[in-house]
Amino acid sequence: MDMVPDHELRRLEAVAGAKGWSVDDLVARRLDGEPLQYIEGSAQFGPIELEVDERVLIPRPETETLFEIASRMVRLPEVVVDLCTGSGALALALKKQFPAASVFATDISSDAIQVAKANMARLGEQVFLAEGNLFDPLPRSIKGEVDLVVANPPYVAEAEFASLPDDVKREPRVALVAGRSGLEVIERIGASVRDWLRPGGVVVCEIGERQGVAAASSFPGIPVVVRQDLTGRDRFVIGVKP
Ligand SMILES: C[S@@+](CC[C@H](N)C(=O)[O-])C[C@H]1O[C@@H](n2cnc3c(N)ncnc32)[C@H](O)[C@@H]1O
């Protein structure tokens, strides 16, 4: 970036004013490729505001669409699971939307779990947050009982990482890169999710725009559809366990 656009400059001026920092320093950080939300220290996600820093992915508008789709597909869920929770975005927004639900969220990154716990405390919500691989840290007692599984997993292929924009590359690599094909984490979710859902339970998983066909065949035993984001790109796999 050669110049900070006006709308970003106004936001940097607001941060500088609120924190007593120098605007020039913040502009220099932005020009150096630091994402705006890391400089601000926060990001809006649906009905909640989250604290974010370099330990977590900055929640994206596509994932807000996932939140809206998932919220419309279930009525008063009792058990909700958010895999790959990062800052806690989906788990905490769903807890706000469905206060009576028990919400469980996992992430393989201890840094992310720390950020999610801080966000949970600040928002005054109660969500089960555990570090570990996908379903592994979940209590066995909810196996086969889950009404809704949501996930925004990493889905970038190793070879694609270098071509990402500079500010995206400042986000944690573990949040972006899944493995050689990019489909590895989606496939692991698809292989296990049927065991965790109750009959009639719903899974909504975010995918990369070129992964629709492959991702749709990664959920054995669950009829799925691929839905597009607001820009018309394949972005979500949605399934209902028979
Ligand atoms: C794309 S980010 C999504 C974060 C958050 N859900 C959001 O939408 O803003 C993916 C997250 O998955 C986590 N992750 C990567 N591999 C994982 C795995 N095998 N099990 C659990 N979490 C994983 C990363 O640490 C990262 O926080």
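What comes next is a walk through the structure.

Reading the values: the criteria
Residues numbered from 1 in each chain as written. Predicted model: local features only at pLDDT ≥ 70, side-chain atom pairs only at ≥ 80, totals over all residues. Heavy atoms only, no water. Near = heavy atom within 4 Å. Polar contact = N/O pair within 3.5 Å; in protein donor to acceptor, adjacent residues only side chain to side chain. Areas by Shrake-Rupley, 256 points an atom, 1.4 Å probe, with all protein chains shown as cover. Nonpolar A, V, L, I, M, F, W, Y, C, P; charged D, E, K, R; others polar. Phe/Tyr/Trp six-rings, centres within 6.5 Å; stacked < 30°, edge-to-face > 60°. Helix = DSSP H or I, 4+ residues; strand = E, 2+ residues; numbered from the N terminus. Buried < 20%, exposed > 50% of the residue type's maximum accessible area, 1.4 Å probe, protein only. Salt bridge = Lys/Arg side-chain N within 4 Å of Asp/Glu carboxyl O. Core = buried A, V, L, I, M, F, W, Y, C linked by side-chain atoms within 4.5 Å. Contact = heavy atoms within 4.5 Å. Pairing = 2+ DSSP bridges. Axes fitted to C-alpha atoms, helices over the stretch in contact; angles between N-to-C directions. Left-handed = near helix turned anticlockwise from the far one by under 90°.

Our next topic: the site of the ligand. Around the ligand, the surrounding shell holds 18 residues, and the nearest of these are C84, D107, N133, L134 and N152. Between the ligand and C84, the relevant distance is 2.8 Å, taken from a nitrogen atom to a main-chain nitrogen or oxygen of the residue. Between the ligand and T85, the relevant distance is 3.3 Å, taken from a nitrogen atom to a main-chain nitrogen or oxygen of the residue. Relative to its free-state accessible area of 600 Å², the ligand is covered by the protein chains to the extent of 97%. Residue composition of the shell around the ligand, by class: nine nonpolar, seven polar and two charged.

Quick look at the packing of aromatic side chains now. Tallied over the full model, the rule gives three aromatic pairs. Pairing F45 with F67 gives two aromatic rings, centres 6.3 Å apart and planes at 55°, and the pair type is tilted. In this pair, F45 sits in strand β1 (residues 42–45) while F67 sits in helix α4 (residues 61–73), placing the two residues 22 residues apart along the sequence. This pair shows no difference in class: F45 is buried, exactly as F67 is. Consider the rings of F104 and F128, whose centres lie 5.2 Å apart with planes at 50°: the pair is tilted.

In total, this model carries 13 salt bridges according to the counting rule given. R11 is the partner of E40 in a salt bridge, and the nearest nitrogen-oxygen pair spans 2.8 Å. With E40 in helix α3 (residues 36–40) and R11 in helix α1 (residues 6–19), this pair connects stretches of sequence that are 29 residues apart. With a relative accessible area of 16%, E40 lands in the buried category. Using a relative accessible area of 34% as the deciding quantity, one classes R11 as partly exposed. In this structure, D32 engages R170 in a salt bridge whose closest nitrogen and oxygen atoms are separated by 3.8 Å. On the criterion of sequence distance, the pair formed by D32 in the loop between α2 (23–31) and α3 and R170 in the loop between α7 (166–169) and α8 (173–176) is long-range, its members being 138 residues apart.

Moving on, we come to the nonpolar core. With 36 residues, the main nonpolar core has F45, V127, L148 and V204 as its most contacted residues. No other element matches helix α5 (residues 89–97), which puts six residues into this core. Dropping the residues within four chain positions of it, V204 is found in contact with L66, I69, A70, L148, V149, V150, A151, V237 and I238. V81, F135, C205 and I222 belong to the second largest nonpolar core, which has 28 residues in total.

Time to look at the environment of A112. With respect to the secondary-structure elements, A112 resides in helix α6 (residues 110–123). For A112, a relative accessible area of 3% puts it in the buried group. Expressed as a C-alpha distance, the spacing of A112 and C84, which sit 28 residues apart in the sequence, is 9.1 Å.

On to the sheet that holds strand β3 (residues 79–83). Strand order in the open sheet formed by seven strands is β5-β4-β3-β6-β9-β11-β10, with mixed pairing between adjacent strands. Looking at strand neighbours, the two that pair on one side only are β5 (128–131) and β10 (224–228), the edges of this open sheet. Recorded for the sheet is a direction-independent mean angle of 15° between the axes of neighbouring strands. Across five bridges, β10 lies against strand β11 (residues 234–240) in antiparallel orientation. Note on β11: the bridge partner recorded for Q228 is D234.

Okay, the packing of α4 against α5 next. Orientation of α4 relative to α5, taken along the N-to-C sense of each, is 35°, at an axis distance of 11 Å. The chirality of how α4 crosses α5 is right-handed. For the pair α4 and α5, the contacting residues are T63, L66, F67 and S71 in the first and L90, A93, L94 and Q97 in the second.

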